[in-house]
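Spelled out, the chains give:
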Amino acid sequence: MSAAEPSMSELILHHYPTSPFAEKTRLLLGFKGLSWRSVKVSPVMPKPDLTALTGGYRKTPVLQIGADIYCDTALIARRLDQEKALPAFFPEGQEMIAATFAAWADSVVFQHAVSLVFQPESIAVRFGNLPQEAIKAFLADRAGFFSGGSATKLTAGQARHQWPTIMVRLEQQLQREEGDYLFGEPSIADFAMAHPLWFLKATPVTAPLVDNYPAVSAWLARVLGFGHGAPSEMTSEEALAIARNTTPAALPDEQFIDPNGFEVGQQVVIAATDYGIDPVAGELMFAGSEELIVRREDERGGWVHVHFPRLGFRIETH
Ligand SMILES: N[C@@H](CCC(=O)N[C@@H](CS)C(=O)NCC(=O)O)C(=O)O
């Protein structure tokens, strides 16, 4: 084995500090006690070194392992379970409830948190020390991010109106004696519920929306207490070189399933259906019950396999 070889299989997270879904993933890495490399990405477009790897997908975070690029935290969690099986994110007997609750929290609870953090009273505090131009650029970037997909923005009024229902239910469930985690032992559900609350707590105007609930606060401290594992910095150029100098991993040993007639080797585009629907073009390599894989070539990243969850993504002919 040459000295450079071990770095080829390292977990590389492309992310930025203030992103809730990045925090979810950092906690997933912490929960598993994993070491990983941290590549910082801009919170707004353009992100040329990231899209060179993904082929257009721009959401945060993205996990890279050699020449395999994993988009969306729903799939990243499954990939980390393969990396280290225990403790599991989808405990036996809770596969459906854990994944389904997590998908609800990642969409519904997250949309509430975004709307509450970006309401005018809160935005002024959150971005207090940023120049006006930077705030404008951020808001313009996010306005476009929501066009064309199935997700519609929740108004701040509706988010404020619905928030107590979510929190009172959560508080009730966590008040029970065995309520250390949502479903007994920790699962993906805890991490998906925690990151929107972490986001609200980061701004003084919205922090009371979490702090007013004692059982929720105690549970959140436990989940955030898993920490981030052991990250070390890496540049985006190094990450691109790793992709270029590695061959994608063997495809999953699972039957190719496509009820709509897509076949291996076909040129397709894959895109999220909710928001951030930038399409990724490539050759369809695999479609399993949880995962889609396309192969594409990039001038700087070389041949890569880009992986997406099946749920919430669509395949179309190119
Ligand atoms: N379903 C995606 C959602 C990711 C997401 O919405 N990330 C936000 C940041 S928390 C984002 O991409 N914002 C725009 C950006 O970072 O460019 C996942 O689970 O990874």
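These remarks concern the structure in this document.

1. Here's the deal with the pairing of strand β9 (residues 302-309)
Right, on to step 1. Counting buried residues in β9 gives 7 out of 8 residues, a clear majority hidden from the surface.
Right, on to step 2. As paired elements, strand β4 (residues 68-71) and β9 share 3 bridges and run parallel to each other. Among the inter-strand pairings, Y70 is bridged to a residue of β9, identified as H307.
Right, on to step 3. Of the strand pairs in this sheet, strand β8 (residues 291-298) and β9 are connected by 8 bridges, and their pairing is antiparallel. Within β9, the residue paired with R295 across the bridge is H305.
Right, on to step 4. A loop of 3 residues connects β8 with β9, the two strands running antiparallel in sequence.

2. Examining the sheet that holds strand β1 (residues 12-15)
Right, on to step 1. Here we have 10 strands laid out as an open sheet, ordered β5-β2-β1-β3-β4-β9-β8-β7-β6-β10, and mixed in their pairing. Of all the strands in the sheet, the pair left with one neighbour each is β5 (230-233) and β10 (313-317). Averaged over all pairs of adjacent strands, the angle between their axes in this sheet comes to 35 degrees, without regard to strand direction.
Right, on to step 2. Where β1 lies against strand β2 (residues 35-40), 4 bridges are found, and the strand directions are parallel. Considered in β2, the bridge of H14 is made with V39.
Right, on to step 3. Packing of helix α1 (residues 20-31) onto the sheet brings it into contact with β1 and β2, and relative to β1 it is tilted by some 160 degrees.

3. Brief notes about the site of the ligand
Right, on to step 1. The ligand sits among 14 residues. The nearest are K47, R58, T60, T73 and Y275.
Right, on to step 2. One nitrogen or oxygen atom from the side chain of D72 is found 2.8 Å from a nitrogen atom belonging to the ligand.
Right, on to step 3. A distance of 2.6 Å is found between an oxygen atom of the ligand and a side-chain nitrogen or oxygen belonging to T73.
Right, on to step 4. Broken down by secondary-structure element, the contributors of at least two residues to the shell around the ligand are α1 and α6 (132-145).
Right, on to step 5. Each residue belonging to the shell around the ligand can be placed in one class, and the counts come to 6 nonpolar, 3 polar and 5 charged.

4. Structural notes on the packing of α1 against helix α3 (residues 73-83)
Right, on to step 1. The interhelical angle for the contact between α1 and α3, taken along N-to-C directions, is 10 degrees, at an axis separation of 11 Å. As judged from the angle between their axes, α1 and α3 are roughly parallel. Here α1 contributes F21, K24, T25, L28 and L29 to the contact with α3, which in turn contributes T73, A74, I76, A77 and L80.
Right, on to step 2. Per-class residue counts for the contact of α1 with α3 are 7 nonpolar, 2 polar and 1 charged.

5. What about the pairing of strand β3 (residues 62-65)?
If a strand is regular, its side chains alternate between the two faces of the sheet.
Right, on to step 1. Along β3, one buried face is formed by V62 and Q64 and the opposite face, lined by L63 and I65, is buried too.
Right, on to step 2. Here β3 folds back onto β4 in antiparallel fashion, the turn holding 2 residues, of which G66 has a positive phi close to 65 degrees.

6. Structural notes on the side chain of S19
Right, on to step 1. Here S19 lies in the loop between β1 and α1.
Right, on to step 2. A polar atom in the side chain of S19 sits 3.0 Å from the backbone nitrogen of A22.
Right, on to step 3. Residues contacting S19, with those up to four places away along its chain left out, are R26, T60 and W198.

7. Thoughts on the environment of F127
Right, on to step 1. With respect to the helices and strands, the residue F127 is situated in the loop between α5 (120-126) and α6.
Right, on to step 2. Separated by 160 residues in the primary sequence, F127 and A287 place their C-alpha atoms 42 Å from one another.
Right, on to step 3. Not counting chain neighbours up to four residues away, the residues in contact with F127 comprise F118, I135 and F138.

How each quantity is defined
- Residues numbered from 1 in each chain as written.
- Predicted model: local features only at pLDDT ≥ 70, side-chain atom pairs only at ≥ 80, totals over all residues.
- Heavy atoms only, no water.
- Buried < 20%, exposed > 50% of the residue type's maximum accessible area, 1.4 Å probe, protein only.
- Helix = DSSP H or I, 4+ residues; strand = E, 2+ residues; numbered from the N terminus.
- Pairing = 2+ DSSP bridges.
- Axes fitted to C-alpha atoms, helices over the stretch in contact; angles between N-to-C directions.
- Contact = heavy atoms within 4.5 Å.
- Near = heavy atom within 4 Å.
- Polar contact = N/O pair within 3.5 Å; in protein donor to acceptor, adjacent residues only side chain to side chain.
- Nonpolar A, V, L, I, M, F, W, Y, C, P; charged D, E, K, R; others polar.
- Parallel < 35°, antiparallel > 145°, perpendicular 65-115°, else oblique.

From the geometry alone we can't say anything about function, so treat these as descriptive.
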